[in-house]
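# Observations on the model geometry
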Number of protein chains: 2
Amino acid sequence: MAHIEEAPAAMIDRVASLLESFVGERPLTLAELARRSHVPRSSAHRILQRLVELGWVERKEFTYTLGVRMFELGSQFTRRRTVPRAAVAVMAELHRRSGMTVYLSMLVGSEIMHLERIGSWPSASGQWSAGARQPVPLTAPGRALLATLSPDHWPELHFGYAPTQYSIQSRSQLLRDLARVRDRGGVAVDAQGTHHGVTVVAAPITTMDDDGHFALSVCGPTRALDLVSTITEVRNAAATVWRVANGVPTLRPRAVPELPAVELQLANGGPAAG
Amino acid sequence: MAHIEEAPAAMIDRVASLLESFVGERPLTLAELARRSHVPRSSAHRILQRLVELGWVERKEFTYTLGVRMFELGSQFTRRRTVPRAAVAVMAELHRRSGMTVYLSMLVGSEIMHLERIGSWPSASGQWSAGARQPVPLTAPGRALLATLSPDHWPELHFGYAPTQYSIQSRSQLLRDLARVRDRGGVAVDAQGTHHGVTVVAAPITTMDDDGHFALSVCGPTRALDLVSTITEVRNAAATVWRVANGVPTLRPRAVPELPAVELQLANGGPAAG
């Protein structure tokens with residue numbers, strides 16, 4: 001097996017390139033996968049055969065998709081983390097009470113990724129799905145998290161992608177918005193910056209163990225959404241998740257009409273957000 | 001690179017064994033991972049280093065967990081399938097209306113796996129999480145699906161695991177229960193068979209394209225749950241998901257008080273369930 005020891009990285013990279021080239025919405029053929037992954041077709045075929053046997057990839061006639069085993073492994077990521085585990089009950093409650101779509105998102109490199117999503121408005125797929133990524137400055141969760149970090153801890157920010165005329169497109173626009181976020185005690189609001197007619201309200205959730213930067217947000221129709229009450233709802237929900245995740249004694253989510261200023265400040269990212 | 005071509009399976013298996021040994025609830029050390037995966041420690045260390053670079057594994061001090069990239073890839077599994085995509089809105093609606101925890105589950109080998117979960121009762125973790133597996137005969141979703149399949153299409157069934165005295169423990173008990181499932185037009189009910197005080201009501205969702213066997217279920221307190229209305233709710237919800245997933249023109253979920261018998265029968269798995 002010596003030859004295996006010699007080049008694990010190269011082999012792992014081929015497996016990784018193949019699996020990562022599945023990102024998209026439709027099954028792919030061997031030719032497409034080989035092209036996307038830059039893995040020689042013969043090698044790609046052998047690797048895929050093995051991945052199919054392992055349940056990581058599924059083959060239907062001449063096309064491949066990611067398999068259920070991949071889903072099972074991926075689900076371990078959120079199952080093991082305190083914030084996502086603490087958020088489940090709070091998110092369901094908030095969705096029940098508000099009817100709005102509720103998200104738990106996480107800072108991943110220079111992007112925001114949705115980990116959990118309850119509800120299907122405005123869409124059940126694309127950028128609104130769990131596992132989808134968006135540029136940090138573009139989104140309310142991203143800006144809520146940036147406001148909790150000192151700029152020297154910021155990830156590299158990418159601008160210029162502007163899905164609507166309301167999108168934040170420059171660092172100066174971002175800084176102006178972050179000032180507004182701090183005025184709201186850490187809550188970020190994005191009105192139609194990612195999608196026409198959609199408003200997203202987000203609050204950060206900081207953890208004591210360095211387990212990642214999370215944000216809770218709700219997504220509703222710009223016309224109908226009551227901003228003042230939604231900001232309070234989201235702030236309280238995020239604070240509750242923070243309390244549960246950090247083992248701070250807490251009442252049931254519903255019973256948190258207002259939180260002591262100090263905890264609110266912590267839940268909103270501490271001094272940086274104040 | 002010839003040596004890579006020689007033994008892809010062996011290398012892939014080492015990567016797979018390492019990643020699959022993460023299944024559990026806590027971060028693992030290199031020693032634990034090497035032991036669980038039966039991969040030599042030195043090789044395990046090199047492979048993990050590469051997986052960390054790829055974002056598939058995260059390292060914190062001396063322990064490893066699955067990384068966010070794994071979650072991102074895994075989420076592709078449900079994003080690409082018609083039934084999970086169609087189920088999101090219906091599940092959220094059902095949770096909002098009933099307050100009960102709503103599940104979408106799938107037949108995976110001889111087990112049932114939860115793909116989606118809305119709500120956190122009776123627990124946000126363990127067997128109640130997305131990604132968790134249970135033996136088919138033990139669960140309401142499992143029995144709802146068995147009732148739609150002719151026994152010669154059944155997976156290998158495992159009995160003997162009985163968490164409560166109400167658990168189905170034998171093939172004869174299973175067959176008696178499947179008769180009751182058919183009497184309910186395809187809806188399975190499990191009262192305290194997986195957990196004391198918990199009742200689960202499940203209806204199957206069959207697809208026209210051979211995309212897997214899914215079941216929609218709700219989970220509520222045995223004492224409080226109104227069985228008659230819940231059976232109707234779950235049956236209608238499953239029928240709605242089936243209609244959306246198969247592109248059958250349908251009204252909005254809320255507006256489906258009762259469905260024509262023929263569609264109900266199809267949604268419940270066709271003749272097998274009748």
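Residues numbered from 1 in each chain as written. Chains lettered and ligands numbered in written order. Predicted model: local features only at pLDDT ≥ 70, side-chain atom pairs only at ≥ 80, totals over all residues. Heavy atoms only, no water.

## Here's the deal with the interface of chain B and chain A
At the interface, 74 residues of chain B touch 74 residues of chain A. Buried surface at the junction of chain B and chain A, summed over both partners, amounts to about 6,700 Å²; 60% is from carbon and sulfur atoms. If you sort the residues of chain B by the area they bury against chain A, Phe-71, Arg-79 and Arg-80 of chain B come out on top, with a joint share of 11%. At the junction of chain B with chain A, the criterion picks out eight salt bridges. Among the ionic pairs, Glu-20 of chain A bridges to Arg-69 of chain B, the shortest N-O distance being 3.0 Å. Linking chain B with chain A are 14 residue pairs in polar contact (both at pLDDT 80 or more), by the criterion used here. Of all the elements in the fold, those that place two or more residues in the side of chain B that touches chain A are α1 (2-6), α2 (8-20), α4 (41-54), β2 (57-60), β3 (63-66), α5 (68-79), α6 (82-98) and β5 (111-118) of chain B. Looking at the side of chain B that touches chain A, the element that brings in the most residues is α5 of chain B, giving twelve residues. (Contact = heavy atoms within 4.5 Å. Buried area = accessible area lost by both parts, 1.4 Å probe. Salt bridge = Lys/Arg side-chain N within 4 Å of Asp/Glu carboxyl O. Polar contact = N/O pair within 3.5 Å; in protein donor to acceptor, adjacent residues only side chain to side chain. Helix = DSSP H or I, 4+ residues; strand = E, 2+ residues; numbered from the N terminus.)

## Observations concerning the packing of aromatic side chains
Under the criterion given, the structure shown has four aromatic pairs over all chains. On the basis of an interplanar angle of 40° and a centroid distance of 6.0 Å, the ring pair of Phe-77 of chain A and Phe-71 of chain B is categorised as tilted. Separated into two different chains, Phe-77 of chain A in helix α5 (residues 68-79) and Phe-71 of chain B in helix α5 make up a pair that spans both. Its relative accessible area of 0% is what places Phe-77 of chain A among the buried residues. (Phe/Tyr/Trp six-rings, centres within 6.5 Å; stacked < 30°, edge-to-face > 60°. Buried < 20%, exposed > 50% of the residue type's maximum accessible area, 1.4 Å probe, protein only.)

## A short note on the pairing of strand β2 (residues 57-60) of chain A
Residues and elements named next belong to chain A. Pairing geometry for β2 and strand β3 (residues 63-66), over four bridges, is antiparallel. Bridge pairing in β3 places Val-57 opposite Leu-66. Taking the residues between adjacent antiparallel strands as the criterion, β2 and β3 are bridged by two residues, where Glu-61 takes a positive phi near 50°. (Pairing = 2+ DSSP bridges.)

## A short note on the confidence of the model for chain A
Residues and elements named next belong to chain A. For chain A, the average pLDDT comes to 87, and 87% of its residues sit at 70 or higher. For chain A, per-element mean pLDDT is lowest for helix α10 (residues 261-267), which scores 39, and highest for strand β7 (residues 188-191), which scores 98. Every residue in residues 1-6 is under pLDDT 50, and counting partners more than four places away or in other chains gives 13 contacts. Confidence drops under a pLDDT of 50 for residues 255-274, and excluding neighbours within four residues, the segment shows 36 contacts in the predicted structure. Scored as a whole, the predicted complex attains pTM 0.86, and scored at its interfaces, ipTM 0.85. (pLDDT = per-residue confidence, 0-100.)

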